[in-house]
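Chain by chain, the residues:
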Amino acid sequence: MANALQSGAAAVTDSRSSKPDTDTEFLTQVGAGAVLRGALLKLLEVRSEDPIGFLADHFGNLAQSLENGDSGSAVEGDQKKKQHQQQALQASEEQNQHARALWHLTQAHHSQRSAFNNNVAVAFSLLSRGGRKRKPGLKGRMYTELLRRVCRDGGVAEPVSAPLIKKLHCQDHEAVPFDLFRHAVLTCFVFADFMRKSRSLFEAVSPSDGILCRAVLGSLRDALETTGCSDPARYLEASAKLTPGRLAQAMDRAQTLASGTPSTLMGQEEFIEEASALFISRVKLVS
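What counts and how
- Residues numbered from 1 in each chain as written.
- Predicted model: local features only at pLDDT ≥ 70, side-chain atom pairs only at ≥ 80, totals over all residues.
- Heavy atoms only, no water.
- Axes fitted to C-alpha atoms, helices over the stretch in contact; angles between N-to-C directions.
- Helix = DSSP H or I, 4+ residues; strand = E, 2+ residues; numbered from the N terminus.
- Parallel < 35°, antiparallel > 145°, perpendicular 65-115°, else oblique.
- Left-handed = near helix turned anticlockwise from the far one by under 90°.
- Contact = heavy atoms within 4.5 Å.
- Nonpolar A, V, L, I, M, F, W, Y, C, P; charged D, E, K, R; others polar.
- Core = buried A, V, L, I, M, F, W, Y, C linked by side-chain atoms within 4.5 Å.
- Buried < 20%, exposed > 50% of the residue type's maximum accessible area, 1.4 Å probe, protein only.
- Disulfide = S-S within 2.5 Å.

A.B. asks: Quick rundown of the packing of helix H7 (residues 140-153) against helix H8 (residues 158-168)? Include the residues and the values.
C.D. replies: Packing of H7 against H8 brings their axes to within 10 Å, and their N-to-C directions diverge by 155°. With respect to each other, H7 and H8 are oriented roughly antiparallel. Relative to H8, H7 is oriented so that their crossing is right-handed. Between H7, through Tyr-143, Thr-144, Leu-147, Arg-148 and Cys-151, and H8, the contact on the second element is made entirely by Ser-161, Ile-165 and Leu-168. When its residues are assigned to classes, the contact of H7 with H8 shows five nonpolar, two polar and one charged.

A.B. asks: Describe the nonpolar core, naming the residues involved and giving the relevant values.
C.D. replies: Membership of the largest hydrophobic core comes to 51 residues, with the highest contact counts inside it found for Tyr-143, Leu-146, Phe-181 and Phe-191. Counting only elements with at least two residues in this core, the list comes to helix H5 (72-105), helix H6 (113-128), H7, H8, helix H9 (178-204), helix H10 (210-225) and helix H13 (268-280). Looking at this core element by element, the count peaks at 14 residues for H9. With near-sequence residues (within four places) excluded, Tyr-143 lies in contact with Leu-138, Leu-168, His-169, Cys-170, Val-176, Leu-180, Phe-181 and Ala-184.

A.B. asks: Lay out the state of the cysteines in plain terms, naming residues and giving numbers.
C.D. replies: What makes a disulfide is a covalent bond joining the sulfur atoms belonging to two cysteines. In the structure shown here, the tally under the stated rule is zero disulfides. Counting only cysteine sulfurs, Cys-188 is the nearest neighbor of Cys-151, a cysteine outside any disulfide, at a range of 3.8 Å. Given a relative accessible area of 0%, Cys-151 falls into the buried group. Judged by relative accessible area, which is 0%, Cys-188 ranks as buried.

Next up, the structure:
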């Protein structure tokens, strides 16, 4: 009898000693730390815009896998498949939003300021709507992609527009206010028009004479410097003031000064690059 009592007491003692003494020990014993760490690592890997929903799905799938006896690798594969599907749906939704926003932006030329501003407001509202796993509000990623599409649809090659986009862009997670959106969109439309004007000027200088091209670029620079205004629309107005007579005077003066100097050539790519740099250097950001 005494031996039985001693055995029972020992069992009770062992049971009590196996219980965790602290919260940390309890979490370690049940493996909660590893589970939470794994979930947070997955969240950081995916960078979901709906972290609560992502974690809820993650733990739901994990609980279901434990009930069904599935392996961890199978659960991870299902999660990745679901993530890819969600990302594809989100990308399609964003493409539709961009297409609709661009359609509105192109319904009025930026010189028709009142109508253009109304269309900018509509585009901003469209892009700011929440979507699949995305909260309302315009973020930098959607904003920057729209600027790229405005330049591309305006006939500006990506290498030419890249410095402007870099100057105007926001971080993917940043919230974009309307004033910045309006200024940047207007800047990109004016830039596209400015580059078309620059290409026309280059084509008028035959046969790509380097001295004459430099004279044209100098006239563009002088016209831009006389605006003294941060409004991008004024830059296009300045380039429009370059009348044929004024350009002819500048080219005649350049040829006279370069008399006896060996002639050089300037390619269209070099001319366009320098013309775009003149514009971009004068673009100011909205604070």
